[in-house]
Amino acid sequence: MALEAWLMDESGEDQRLPHHRNPKEFVPLSKLEEIGLLYWHLNPQNYENDEQLKKIREERGYNYMDLLDLCPGKVQNYEEKLKNFFTEHIHGDEEIRYCLEGSGYFDVRDKDDQWIRIWIKAGDMIVLPAGIYHRFTLDTSNYVKLMRLFIGEPVWTAYNRPQEDHPARQSYIKNLFENSGVALEAH
Ligand SMILES: CSCCC(=O)C(=O)O
Ligand SMILES: [Fe+2]
């Protein structure tokens, strides 16, 4: 099953709307991989005994796990949390999220600094690389249940943009150039 992603329009309308451009401009998984994302589609009904999930966690060292339910009324400081999630930021580590129920939008910046909107639904698991600018919002269904994974003790600290001097940002940018085959001048 394919992950749906598209370039966003510039309108300031409700963040929970899809924000497609006119005409729609879909973004293939290969483009997301170019900017460092990883993606799997798993069986969300079976997350407690899923051999495939177990294998990914072992291979990538994701020993920490918790579950996050986001919907109005269920979460303390709901509005504030949602506002922070939708503020453009980076982390010093990967952000690993596995959608078990509901849906939502992860927005990530592409190489040209345009927003790509990624529609996460039940079964979608994504890894955002350390240092990529991103944000998150619920969609109009207003509900998502996410598994959060991490290597070791979790650090959720968000560094809001601009963050060009942050080491994670610098190494992300360096990798982006190396992987896109852009020849940097030797000094
Ligand atoms: C609700 S998970 C996604 C939000 C986010 O970017 C974060 O937790 O750092
Ligand atoms: Fe984040």
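Remember, predicted model here, so these are calculated numbers, not experimental data.

### A closer look at the nonpolar core
Membership of the largest hydrophobic core comes to 28 residues, with the highest contact counts inside it found for Leu32, Ile35, Leu37, Leu70, Val108, Ile116 and Ile118. Discounting residues that sit within four places of it in the chain, Leu37 has contacts with Leu32, Val108, Ile118, Val127, Leu128, Pro129 and Ile132. In terms of nonpolar packing, the next biggest core, distinct from the first, is built from 11 residues, Leu42, Leu53, Tyr62 and Met147 among them.

### Examining the packing of aromatic side chains
Under the criterion given, the structure shown has 8 aromatic pairs. Connected via pairs of aromatic rings, a cluster forms that spans Trp6, Phe26, Tyr105 and Trp119. Over the aromatic face of Trp156 sits the side chain of Arg148, whose NZ or CZ is 3.9 Å from the ring centroid.

### A short note on the site of ligand 1
Surrounding ligand 1, one finds Leu68, Leu70, Phe85, His89, His91, Glu95, Arg97, Phe106, His134, Phe136 and Leu146. His89 places a polar side-chain atom, nitrogen or oxygen, 3.1 Å from an oxygen atom of ligand 1. Between ligand 1 and the protein, one listed contact pairs an oxygen atom with a side-chain N or O atom of Glu95 at 2.9 Å. If ligand 1 stood free it would expose 290 Å²; the protein chains cover 95% of that surface. For ligand 1, the cavity whose grid points lie within 2 Å of the majority of its atoms is the largest pocket. Among the secondary structure elements, those contributing two or more residues to the shell around ligand 1 are β3 (64–70), β5 (95–109) and β8 (134–138). Among the elements that take part in the shell around ligand 1, β5 stands out by supplying 3 residues, more than any other. Here the shell around ligand 1 is built from residues that sort into 6 nonpolar, 3 polar and 2 charged.

### Brief notes about the coordination of the iron ion (ligand 2)
His89 (NE2), His91 (NE2), Glu95 (OE) and His134 (NE2) make up the full set of protein donors to the iron ion (ligand 2), lying at 2.0 to 2.2 Å. Around the iron ion (ligand 2), the 6 donor atoms sit at angles spanning 75 to 170 degrees, and that spread fits a shape best called octahedral. Donor residues for the iron ion (ligand 2), ordered by position in the chain, follow H-x1-H-x3-E-x38-H. No difference in accessibility class separates His89 from Glu95, as the two residues are buried.

### Examining the layout of surface pockets
A probe matching the size of a water molecule, rolled over the atoms, marks out where space remains unfilled. Approximately 440 Å³ is the volume attributed to the largest pocket. Taken together, 22 residues make up the lining of the largest pocket; nearest its centre are Phe85, His89, His91, Arg97 and Trp156. Contributing elements (two or more residues each) for the lining of the largest pocket: β3, α3 (78–85), β5, β8 and β9 (144–150). Reported here for the second largest pocket is a volume of approximately 190 Å³. Its residues assigned to classes, the lining of the second largest pocket comprises 3 nonpolar, 5 polar and 8 charged.

### Here we look at helix α2 (residues 51–60)
Its side-chain oxygen 2.9 Å from the backbone nitrogen of Gln52, Asp50 forms the N-cap of α2. Once α2 ends, the next one or two residues include Gly61, with phi positive near 75 degrees.

### A few points about unusual backbone geometry
Peptide bonds are, in most cases, trans, and in most cases residues other than glycine have a negative phi. Residue Pro23 is reached from Asn22 by a cis peptide bond, and omega for that bond is 0 degrees. Of note, Pro23 is situated in the loop between β1 (4–7) and α1 (29–34). In this chain, Arg161 is followed by Pro162 through a cis amide linkage whose omega measures 5 degrees. With respect to the element layout, Pro162 can be found in the loop between β10 (159–160) and α4 (167–179). Here His19, not a glycine, exhibits a phi torsion of approximately 60 degrees, which is positive. The topology assignment puts His19 in the loop between β1 and α1.

Procedures and definitions
Residues numbered from 1 in each chain as written. Chains lettered and ligands numbered in written order. Predicted model: local features only at pLDDT ≥ 70, side-chain atom pairs only at ≥ 80, totals over all residues. Heavy atoms only, no water. Core = buried A, V, L, I, M, F, W, Y, C linked by side-chain atoms within 4.5 Å. Buried < 20%, exposed > 50% of the residue type's maximum accessible area, 1.4 Å probe, protein only. Contact = heavy atoms within 4.5 Å. Phe/Tyr/Trp six-rings, centres within 6.5 Å; stacked < 30°, edge-to-face > 60°. Lys NZ or Arg CZ within 6 Å of the ring centre and 35° of its normal. Near = heavy atom within 4 Å. Polar contact = N/O pair within 3.5 Å; in protein donor to acceptor, adjacent residues only side chain to side chain. Areas by Shrake-Rupley, 256 points an atom, 1.4 Å probe, with all protein chains shown as cover. 1 Å grid on protein atoms, 1.4 Å probe; cavity = no way out; pocket = protein on both sides within 12 Å on 5 of 7 lines; lining within 4 Å. Sits in = over half its atoms within 2 Å of the grid points. Helix = DSSP H or I, 4+ residues; strand = E, 2+ residues; numbered from the N terminus. Nonpolar A, V, L, I, M, F, W, Y, C, P; charged D, E, K, R; others polar. Donors = N, O, S within 2.8 Å, 3.2 Å for Na, K, Ca; no water. Tetrahedral: all angles 85-135°; square planar, octahedral: opposite > 155°, others 65-115°. Points joined across faces, edges and corners; volume = space filled by probe spheres on them.

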